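Summary of the model geometry
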Amino acid sequence: MKRLFLIIAFAAALAVPAQALERTRELADDGDRDDWAAGATCTVLYHNTCTGWVFNWSGWAAESLIGQVVDTCCPGGSDLLATDIRVRVGSPAGYGFTGSIAVSAVDANDCPTGSPIFSQPYLPEGDGWQLVNWGVPVPSRFVVWMTLGPADSNPVSFRTDHPSVGPSGPEACGTCYPGDRVNHSFTYGTATSPTCPGSPFDDPNSVCHAELQWEQHLACSVSVEDESWSKVKSLYR
């Protein structure tokens, strides 16, 4: 896939800082989505909205690259069933706003590497949780990443958690999760000017980076009991 090779070819390019994006806060509203918590399935999520506030990120350049690195929650082999993505404001239907979303292995810098395991068209539409179906085998560590469409002024807004103090409640970083939480969400520049390593979603008022509200649903080759599933899932909050 040419875009993936561009990331490697431009590995030395300067990172596009996440601060250049527009960031607004609002109260968290998880909305409705499917419950995957059963027997041989498990869900990986890295966001934590414990204090009730989130950031919405907008102002994306054409063909922006966005991704989340995932460590599988299965004790053995696994298939990625689907990804839930929280979209705040979706792109309109029509030419120029449809991009692509892919699953790939990652290199030592947490960048997509090799040929994608699977890729499909993607239009971030609607306002709420958007389900992307996969049904593909994945390694123990992989990345789900997207390329936004080529149209300028893409109106889409993606949601992250809110590590710093909001208008109410305590700071999430160091309260709801540790201050040294490992980052999994990145921007990788654009298809024409990709960057590696990627840039985290910076919250300038916190030592913690923000995590995308993306949730990865996996099917395990070895059944995950309900109790141990809950323990595994809690590790990623």
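Above this note sits the structure.
First things first, this report covers the structure right here in the doc. All figures in this text were calculated on a predicted structure; none of them were measured in a lab. (Residues numbered from 1 in each chain as written. Predicted model: local features only at pLDDT ≥ 70, side-chain atom pairs only at ≥ 80, totals over all residues. Heavy atoms only, no water.)

So, on to the overall build of the chain. When you go through the chain residue by residue, the secondary structure sums to 2 helices and 13 strands. Buried residues in the chain amount to 52% of all 237 residues. Contacts in the chain between residues far apart in sequence, at least 24 positions, make up 85% of those at least 6 positions apart. Of the roughly 10,000 Å² of accessible surface on the chain, a fraction of 54% belongs to carbon and sulfur atoms. (Helix = DSSP H or I, 4+ residues; strand = E, 2+ residues; numbered from the N terminus. Buried < 20%, exposed > 50% of the residue type's maximum accessible area, 1.4 Å probe, protein only. Contact = heavy atoms within 4.5 Å. Areas by Shrake-Rupley, 256 points an atom, 1.4 Å probe, with all protein chains shown as cover.)

Moving on to the nonpolar core. Generally speaking, a soluble globular protein has its nonpolar side chains buried in company with each other. By size, the foremost hydrophobic cluster in this structure holds 33 residues, and its most contacted members are Trp 60, Ile 66, Leu 80, Ile 85, Met 146, Phe 158 and Leu 218. For this core, the elements supplying multiple residues, two or more each, are β2 (41–45), β3 (53–58), β4 (64–71), β5 (78–89), β6 (99–106), β8 (128–138), β9 (141–147) and β13 (214–220). Per-element tally for this core: the top contributor is β8, with 4 residues. Excluding its chain neighbours within four sequence positions, the residues that come into contact with Ile 85 are Ile 101, Tyr 122, Gly 128, Trp 129, Gln 130, Val 132, Met 146, Phe 158, Gln 213 and Trp 214. Counting 10 residues, the second largest nonpolar core, distinct from the first, contains Val 106, Trp 145, Tyr 188 and Cys 196. (Core = buried A, V, L, I, M, F, W, Y, C linked by side-chain atoms within 4.5 Å.)

Below, the discussion takes up the side chain of Ser 104. Relative to the helices and strands, Ser 104 is located in strand β6. In this structure Ser 104 comes out as buried when scored by relative accessible area, which is 0%. Polar side-chain contacts of Ser 104 include one of 2.9 Å to the side chain of Trp 145. (Polar contact = N/O pair within 3.5 Å; in protein donor to acceptor, adjacent residues only side chain to side chain.)

This part is about the state of the cysteines. Counted under the stated rule, the structure contains 5 disulfides. A disulfide bridge connects Cys 74 with Cys 220, and the sulfur atoms are separated by 2.1 Å. Judged by the sign of its S-S torsion, about -75°, the bond between Cys 74 and Cys 220 is left-handed. One end of the pair, Cys 74, is in the loop between β4 and β5; the other, Cys 220, is in strand β13, and 146 residues separate them in sequence. If you count the bonded cysteines of the chain from the N-terminus, they pair up as 1-3, 2-7, 4-10, 5-8, 6-9. (Disulfide = S-S within 2.5 Å.)

Next up on the list: the sheet that holds strand β7 (residues 112–122). Judged by pairing direction, the sheet is antiparallel, and its 6 strands sit side by side in the order β7-β6-β9-β4-β11-β12 without closing on themselves. Looking at the sheet topology across the chains shown, the edges are occupied by β7 and β12 (194–200). Strand after strand, the sheet turns through a mean of 25° between neighbouring axes, direction not considered. Sheet topology note: the β6/β9 ladder contains 6 bridges and is antiparallel. By the bridge assignment for β9, Ala 102 is matched with Trp 145. (Pairing = 2+ DSSP bridges. Axes fitted to C-alpha atoms, helices over the stretch in contact; angles between N-to-C directions.)

Pairs can form between side chains of opposite charge once their charged atoms are near each other. Taken as a whole and assessed by the stated rule, the structure comprises 5 salt bridges. For Asp 71, the salt bridge goes to Arg 141, with nearest N and O atoms at 2.7 Å. Taken together, the residues Asp 71 in strand β4 and Arg 141 in strand β9 connect sequence positions 70 residues apart. Among the salt bridges present, the one from Arg 88 reaches Asp 127, with a minimum N-O distance of 2.7 Å. With a gap of 39 residues between them, Arg 88 in strand β5 and Asp 127 in the loop between β7 and β8 connect regions that are remote in the sequence. Among the charged side chains, a salt-bridge network with shared partners connects Asp 71, Asp 110 and Arg 141. (Salt bridge = Lys/Arg side-chain N within 4 Å of Asp/Glu carboxyl O.)

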